[in-house]
Amino acid sequence: MTKEFPNVQLIDHPLIQHKLTIMRDKNTATQDFRNLIREVSIIMGYEVLRDLPLEDVEIDTPLEKMTGKMLAGKKMCIVPILRAGTGFLDGLLQLVPSARVGHIGLYRDPETLIPVEYYMKMPEDLANRQVIVVDPMLATGHSAVAAVERIKDCDATDIKFMCLIAAPEGLKTFHEAHPDVTVYTAAIDRQLNDHGYILPGIGDAGDRIFGTK
Ligand code: URA
(Lines give C-alpha, C1' and ligand atoms only; values in the text may rest on other atoms or scores of the structure.)
Protein backbone atom coordinates (compact mmCIF):
# COMPACT_ATOMS: atom_id res chain seq x y z
CA MET A 1 0.00 0.00 0.00
CA THR A 2 1.22 3.57 -0.59
CA LYS A 3 0.67 6.34 1.96
CA GLU A 4 -1.46 8.61 -0.26
CA PHE A 5 -3.37 5.91 -2.09
CA PRO A 6 -5.20 3.23 -0.13
CA ASN A 7 -5.54 -0.16 -1.75
CA VAL A 8 -2.76 0.48 -4.29
CA GLN A 9 0.23 -1.83 -4.61
CA LEU A 10 3.20 -0.16 -6.28
CA ILE A 11 5.35 -2.81 -7.93
CA ASP A 12 8.55 -0.90 -8.60
CA HIS A 13 11.12 -3.67 -8.81
CA PRO A 14 14.35 -2.32 -10.39
CA LEU A 15 13.85 -4.53 -13.44
CA ILE A 16 10.41 -3.01 -13.97
CA GLN A 17 11.67 0.56 -13.52
CA HIS A 18 14.45 -0.11 -16.05
CA LYS A 19 12.09 -1.62 -18.63
CA LEU A 20 9.48 1.09 -18.06
CA THR A 21 12.01 3.83 -18.78
CA ILE A 22 12.78 2.20 -22.14
CA MET A 23 9.05 1.96 -22.83
CA ARG A 24 8.51 5.63 -22.01
CA ASP A 25 11.15 6.67 -24.57
CA LYS A 26 9.36 7.74 -27.74
CA ASN A 27 12.22 6.31 -29.82
CA THR A 28 11.59 2.75 -28.63
CA ALA A 29 10.43 0.62 -31.56
CA THR A 30 7.02 -1.10 -31.55
CA GLN A 31 8.56 -4.57 -31.48
CA ASP A 32 10.71 -3.71 -28.46
CA PHE A 33 7.78 -2.03 -26.71
CA ARG A 34 5.64 -5.12 -27.20
CA ASN A 35 8.35 -7.42 -25.84
CA LEU A 36 8.89 -5.14 -22.86
CA ILE A 37 5.22 -4.96 -21.89
CA ARG A 38 5.09 -8.77 -21.97
CA GLU A 39 8.20 -9.00 -19.77
CA VAL A 40 6.85 -6.41 -17.33
CA SER A 41 3.51 -8.20 -17.12
CA ILE A 42 5.31 -11.41 -16.09
CA ILE A 43 7.31 -9.67 -13.35
CA MET A 44 4.22 -7.82 -12.12
CA GLY A 45 2.25 -11.06 -12.32
CA TYR A 46 4.42 -12.61 -9.59
CA GLU A 47 3.22 -9.93 -7.17
CA VAL A 48 -0.37 -9.74 -8.38
CA LEU A 49 -0.71 -13.51 -7.96
CA ARG A 50 1.19 -13.70 -4.67
CA ASP A 51 -1.87 -14.75 -2.66
CA LEU A 52 -2.96 -17.62 -4.91
CA PRO A 53 -4.18 -20.41 -2.63
CA LEU A 54 -2.09 -23.58 -2.41
CA GLU A 55 -2.96 -27.14 -1.42
CA ASP A 56 -0.89 -30.08 -0.24
CA VAL A 57 -0.13 -32.84 -2.74
CA GLU A 58 1.66 -36.13 -2.12
CA ILE A 59 4.40 -36.90 -4.62
CA ASP A 60 7.38 -39.26 -4.94
CA THR A 61 10.75 -37.65 -5.54
CA PRO A 62 13.39 -40.05 -6.93
CA LEU A 63 14.40 -40.58 -3.26
CA GLU A 64 11.27 -40.55 -1.10
CA LYS A 65 7.68 -39.48 -0.64
CA MET A 66 6.99 -35.87 0.20
CA THR A 67 4.13 -33.42 0.58
CA GLY A 68 4.49 -30.58 -1.90
CA LYS A 69 2.39 -27.52 -2.62
CA MET A 70 0.43 -26.88 -5.77
CA LEU A 71 -2.09 -24.26 -6.79
CA ALA A 72 -5.42 -25.11 -5.20
CA GLY A 73 -7.27 -24.63 -8.44
CA LYS A 74 -9.07 -21.39 -7.68
CA LYS A 75 -9.97 -20.61 -11.21
CA MET A 76 -8.76 -17.42 -12.76
CA CYS A 77 -10.06 -15.09 -15.41
CA ILE A 78 -7.94 -12.39 -17.00
CA VAL A 79 -9.95 -9.54 -18.48
CA PRO A 80 -8.08 -7.16 -20.78
CA ILE A 81 -9.83 -3.88 -21.50
CA LEU A 82 -9.60 -3.61 -25.29
CA ARG A 83 -7.43 -2.87 -26.94
CA ALA A 84 -4.33 -1.94 -24.95
CA GLY A 85 -5.11 -4.42 -22.17
CA THR A 86 -4.26 -7.28 -24.50
CA GLY A 87 -0.63 -6.20 -24.21
CA PHE A 88 -0.60 -7.80 -20.74
CA LEU A 89 -2.27 -11.01 -21.86
CA ASP A 90 0.59 -13.13 -23.23
CA GLY A 91 2.74 -12.60 -20.15
CA LEU A 92 -0.01 -13.44 -17.68
CA LEU A 93 -1.09 -16.49 -19.68
CA GLN A 94 2.51 -17.67 -19.62
CA LEU A 95 2.28 -17.67 -15.81
CA VAL A 96 -1.22 -19.20 -15.62
CA PRO A 97 -1.85 -21.06 -18.89
CA SER A 98 -5.17 -22.46 -17.66
CA ALA A 99 -6.71 -19.03 -17.01
CA ARG A 100 -9.86 -18.10 -18.90
CA VAL A 101 -9.94 -14.79 -20.74
CA GLY A 102 -12.86 -12.38 -20.84
CA HIS A 103 -12.84 -9.30 -23.04
CA ILE A 104 -14.41 -5.94 -22.53
CA GLY A 105 -14.31 -3.22 -25.15
CA LEU A 106 -14.68 0.38 -24.07
CA TYR A 107 -13.70 3.50 -25.95
CA ARG A 108 -13.41 6.96 -24.55
CA ASP A 109 -15.73 9.53 -26.08
CA PRO A 110 -13.15 12.11 -27.18
CA GLU A 111 -15.33 15.03 -26.03
CA THR A 112 -16.60 13.80 -22.66
CA LEU A 113 -13.87 11.20 -21.92
CA ILE A 114 -16.76 8.98 -20.73
CA PRO A 115 -16.35 5.25 -21.58
CA VAL A 116 -18.76 3.67 -24.05
CA GLU A 117 -19.02 -0.16 -24.08
CA TYR A 118 -18.92 -1.82 -27.51
CA TYR A 119 -17.98 -5.43 -26.67
CA MET A 120 -18.20 -7.79 -23.72
CA LYS A 121 -17.67 -11.55 -23.53
CA MET A 122 -16.99 -13.28 -20.21
CA PRO A 123 -16.80 -16.90 -19.08
CA GLU A 124 -20.05 -17.96 -17.45
CA ASP A 125 -18.83 -18.72 -13.94
CA LEU A 126 -17.15 -15.48 -12.90
CA ALA A 127 -18.53 -15.82 -9.36
CA ASN A 128 -16.08 -18.71 -8.75
CA ARG A 129 -13.06 -17.08 -10.33
CA GLN A 130 -10.37 -14.67 -9.31
CA VAL A 131 -10.65 -11.91 -11.90
CA ILE A 132 -7.65 -9.82 -12.95
CA VAL A 133 -8.73 -6.80 -14.99
CA VAL A 134 -5.84 -5.41 -17.01
CA ASP A 135 -5.27 -2.12 -18.80
CA PRO A 136 -1.83 -0.49 -19.08
CA MET A 137 -3.06 3.04 -18.32
CA LEU A 138 -5.28 4.03 -15.39
CA ALA A 139 -5.82 7.60 -16.58
CA THR A 140 -9.16 9.27 -15.71
CA GLY A 141 -10.22 5.93 -14.23
CA HIS A 142 -13.56 6.05 -16.04
CA SER A 143 -12.95 2.99 -18.24
CA ALA A 144 -11.58 0.98 -15.33
CA VAL A 145 -14.56 1.92 -13.14
CA ALA A 146 -17.03 1.00 -15.90
CA ALA A 147 -15.25 -2.28 -16.73
CA VAL A 148 -15.21 -3.40 -13.08
CA GLU A 149 -18.90 -2.42 -12.70
CA ARG A 150 -19.81 -4.66 -15.64
CA ILE A 151 -17.69 -7.49 -14.26
CA LYS A 152 -19.38 -7.15 -10.85
CA ASP A 153 -22.73 -7.33 -12.69
CA CYS A 154 -21.57 -10.82 -13.76
CA ASP A 155 -21.34 -11.79 -10.05
CA ALA A 156 -17.55 -11.57 -9.74
CA THR A 157 -16.50 -10.72 -6.18
CA ASP A 158 -12.76 -11.44 -6.19
CA ILE A 159 -11.35 -8.74 -8.49
CA LYS A 160 -7.94 -7.10 -8.90
CA PHE A 161 -6.93 -4.35 -11.29
CA MET A 162 -3.48 -4.35 -12.89
CA CYS A 163 -1.98 -1.48 -14.85
CA LEU A 164 1.43 -0.21 -15.88
CA ILE A 165 1.03 3.48 -15.05
CA ALA A 166 -1.64 5.17 -12.95
CA ALA A 167 -2.51 8.86 -12.67
CA PRO A 168 -3.36 10.19 -9.19
CA GLU A 169 -6.75 11.37 -10.54
CA GLY A 170 -7.55 7.88 -11.83
CA LEU A 171 -6.54 6.19 -8.61
CA LYS A 172 -8.83 8.48 -6.62
CA THR A 173 -11.80 7.97 -8.95
CA PHE A 174 -11.26 4.21 -9.04
CA HIS A 175 -10.90 3.87 -5.30
CA GLU A 176 -14.07 5.90 -4.66
CA ALA A 177 -16.03 3.61 -7.00
CA HIS A 178 -14.41 0.27 -6.06
CA PRO A 179 -12.71 0.44 -2.65
CA ASP A 180 -12.74 -3.37 -2.54
CA VAL A 181 -10.51 -3.77 -5.62
CA THR A 182 -6.75 -3.52 -5.17
CA VAL A 183 -4.87 -1.70 -7.94
CA TYR A 184 -1.43 -3.02 -8.88
CA THR A 185 0.69 -0.53 -10.80
CA ALA A 186 4.34 -0.17 -11.80
CA ALA A 187 4.29 3.64 -11.50
CA ILE A 188 2.16 6.53 -10.31
CA ASP A 189 2.79 9.45 -12.65
CA ARG A 190 2.32 13.19 -12.09
CA GLN A 191 -1.02 14.14 -13.65
CA LEU A 192 -3.39 14.02 -16.62
CA ASN A 193 -3.26 16.50 -19.47
CA ASP A 194 -6.38 18.18 -20.93
CA HIS A 195 -6.94 15.21 -23.26
CA GLY A 196 -6.86 12.64 -20.48
CA TYR A 197 -3.34 11.43 -21.24
CA ILE A 198 -0.98 10.61 -18.39
CA LEU A 199 2.08 12.85 -17.93
CA PRO A 200 4.87 11.95 -18.38
CA GLY A 201 3.34 8.58 -19.35
CA ILE A 202 4.08 6.53 -22.44
CA GLY A 203 1.66 8.16 -24.90
CA ASP A 204 -1.19 6.07 -26.29
CA ALA A 205 -0.57 2.55 -25.02
CA GLY A 206 -2.56 0.90 -27.83
CA ASP A 207 -0.64 2.80 -30.49
CA ARG A 208 2.66 1.94 -28.83
CA ILE A 209 1.79 -1.79 -28.63
CA PHE A 210 0.29 -2.13 -32.09
CA GLY A 211 2.32 0.46 -34.00
CA THR A 212 -0.76 2.31 -35.19
CA LYS A 213 0.75 5.79 -35.02
N1 URA B 1 -4.63 5.92 -22.44
C2 URA B 1 -3.39 5.83 -22.99
O3 URA B 1 -3.14 4.99 -23.83
N4 URA B 1 -2.46 6.68 -22.56
C5 URA B 1 -2.68 7.62 -21.63
O6 URA B 1 -1.78 8.37 -21.27
C7 URA B 1 -3.98 7.70 -21.08
C8 URA B 1 -4.94 6.83 -21.51
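Residues numbered from 1 in each chain as written. Predicted model: local features only at pLDDT ≥ 70, side-chain atom pairs only at ≥ 80, totals over all residues. Heavy atoms only, no water.

(A) Geometry of helix α2 (residues 30-48). Here α2 spans 26 Å end to end across 19 residues, near enough to the 27 Å set by a 1.5 Å rise per residue. Where α2 is concerned, the buried positions are Phe 33, Leu 36, Ile 37, Val 40, Ser 41, Ile 42, Ile 43, Met 44, Gly 45 and Val 48. On its buried face, α2 is in contact with α1 (14-24), α3 (89-95), β8 (129-134), β10 (158-166), β11 (182-188) and α6 (205-210). (Helix = DSSP H or I, 4+ residues; strand = E, 2+ residues; numbered from the N terminus. Expected span 1.5 Å × (residues − 1). Buried < 20%, exposed > 50% of the residue type's maximum accessible area, 1.4 Å probe, protein only. Contact = heavy atoms within 4.5 Å.)

(B) Spatial organisation of the nonpolar core. Residues Met 162, Leu 164 and Ile 165 are the most contacted members of the largest nonpolar core, which totals 37 residues. Those elements that place two or more of their residues in this core are α1, α2, β4 (75-82), α3, β8, β10, β11 and α6. Ranked by residue count, the leading element in this core is α2, at seven residues. Core analysis: the second largest hydrophobic core is formed by 27 residues, Val 131, Leu 138, Ile 159 and Leu 171 among them. (Core = buried A, V, L, I, M, F, W, Y, C linked by side-chain atoms within 4.5 Å.)

(C) Main features of the site of the ligand. Close to the ligand lie Arg 108, Met 137, Ala 139, Gly 196, Tyr 197, Ile 198, Gly 203, Asp 204 and Ala 205, which account for all nearby residues. Contact distances for the ligand include 2.8 Å between a nitrogen atom and a backbone N or O atom of Gly 203. Within the contact set of the ligand, an oxygen atom lies 2.7 Å away from a backbone nitrogen or oxygen of Ala 205. (Near = heavy atom within 4 Å. Polar contact = N/O pair within 3.5 Å; in protein donor to acceptor, adjacent residues only side chain to side chain.)

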